[in-house]
Amino acid sequence: MSSRPAAHVPMSGAELALRLLAAFRDLVDDLHTELADRGHHDARPLHGFALQAIGPDGVTAVELGDRLGVSKQAAGKTIDALVDRGYARRDGDPGDARRKIVTITPRGHEMLALSAEIFERLRDARAAGIGDDMPAFETALRALAPDVGSGLDSPGWFAR
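Source: prediction; values computed, not measured.

Draft legend 1. Looking closely at the pairing of strand S2 (residues 96–104). The sheet contact formed by strand S1 (residues 88–93) and S2 spans 6 bridges and is antiparallel. By the bridge assignment for S2, Ala88 is matched with Ile104. Hairpin connection of S1 to S2: 2 residues between the antiparallel strands.

Okay, here's the thing in structure tokens:
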């Protein structure tokens, strides 16, 4: 008796959304487990979004709030957490003494570099589990979400 592959059963839109979210959560949770093992036990998923949003040139709290889709006050709390953990610092703006510019510290850059390295390993492990279907999966995912940059405001988007 031969075994036939199971027939494809389309998933609902809600199931698709929940499975994409679950896959994201699993990937990020695995990242943070390894980051903790590598000296970044205090890093949180929001911190990665915030450091990406700060970028190479730095930002003000208002700019960070806009990029993350959160209020200036929420951005300020995130900045406080990043500064307290050594991932970012506040400096005076040489052009305007009233403004503070938030930039990424060497520890923050280290965490971002480790994250990139770990994400590559996690991607490879998931690709091994999917096998020959991985290129088609990645092509489909790029079609579903062509603008990767729009995800930076996810912290604020979830709260809307």
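Picking up where we left off.
Draft legend 2. Spotlight on the side chain of Thr78. With respect to the secondary-structure elements, Thr78 resides in helix H4 (residues 72–85). Ignoring any residue separated from it by four or fewer positions in sequence, one finds Thr78 in contact with Leu46 and Ala50.

Draft legend 3. Region of the structure containing the nonpolar core. Grouped together as the largest cluster of nonpolar side chains are 24 residues, with contacts concentrated most on Leu35, Leu51, Ile54, Leu64 and Leu82. Of all the secondary structure elements, the ones that give two or more residues to this core are helix H1 (13–37), helix H2 (45–54), helix H3 (61–68), H4, S2 and helix H5 (106–130). If near-sequence neighbours (up to four positions away) are discounted, Leu64 is found in contact with Ala50, Ala53, Ile54, Val59, Ala75 and Ile79.

Draft legend 4. Region of interest: the packing of H2 against H3. The geometry of H2 relative to H3 is characterised by a closest axis approach of 10 Å and an angle of 120° between their N-to-C directions. As H2 runs across H3, the sense of the crossing is right-handed. In this structure, H2 contributes Phe49, Ala50, Ala53 and Ile54 to the contact, and H3 contributes Leu64, Arg67 and Leu68. Tallied by class, the residues present in the contact of H2 with H3 amount to 6 nonpolar, no polar and 1 charged.

Draft legend 5. Seen up close, the environment of Ala140. Mapped onto the fold, Ala140 is located in helix H6 (residues 134–144). Taking the relative accessible area as the measure of exposure, Ala140 reaches 39% and is therefore partly exposed. Residues Ala140 and Arg123 lie 17 residues apart in sequence; the distance between their C-alpha atoms is 16 Å.

Draft legend 6. How the structure looks around the pattern of salt bridges. Tallied over the entire structure, the rule returns 13 salt bridges. Glu117 is the partner of Arg121 in a salt bridge, and the nearest nitrogen-oxygen pair spans 3.2 Å. Taken together, the residues Arg121 and Glu117, both in helix H5 and 4 residues apart, mark about one turn of the helix. Accessibility expressed as a relative area gives 36% for Glu117, which makes it partly exposed. Measuring nitrogen to oxygen at the nearest pair gives 3.3 Å for the salt bridge that ties Arg123 to Asp124. Via salt bridges that share partners, Glu34, Arg38, Glu117 and Arg121 belong to a single interconnected network.

Draft legend 7. Structural context of the packing of H2 against H5. It is at 11 Å that the axes of H2 and H5 come closest, and there the two elements cross at 110°. For the element pair H2 / H5, the angle class is roughly perpendicular. For the crossing formed where H2 meets H5, the hand is left-handed. Every residue of H5 that contacts H2 at His47, Leu51 and Gln52 is listed here: Gly108, Met111 and Leu112. Its residues assigned to classes, the contact of H2 with H5 comprises 3 nonpolar, 3 polar and no charged.

Draft legend 8. Fine view of the environment of Trp157. Along the chain, Trp157 turns up in helix H7 (residues 154–159). For the pair Trp157 and Leu68, spaced 89 residues apart in sequence, the C-alpha to C-alpha distance is 8.2 Å.

Cut-off values and rules
- Residues numbered from 1 in each chain as written.
- Predicted model: local features only at pLDDT ≥ 70, side-chain atom pairs only at ≥ 80, totals over all residues.
- Heavy atoms only, no water.
- Pairing = 2+ DSSP bridges.
- Helix = DSSP H or I, 4+ residues; strand = E, 2+ residues; numbered from the N terminus.
- Contact = heavy atoms within 4.5 Å.
- Core = buried A, V, L, I, M, F, W, Y, C linked by side-chain atoms within 4.5 Å.
- Buried < 20%, exposed > 50% of the residue type's maximum accessible area, 1.4 Å probe, protein only.
- Axes fitted to C-alpha atoms, helices over the stretch in contact; angles between N-to-C directions.
- Left-handed = near helix turned anticlockwise from the far one by under 90°.
- Nonpolar A, V, L, I, M, F, W, Y, C, P; charged D, E, K, R; others polar.
- Salt bridge = Lys/Arg side-chain N within 4 Å of Asp/Glu carboxyl O.
- Parallel < 35°, antiparallel > 145°, perpendicular 65-115°, else oblique.

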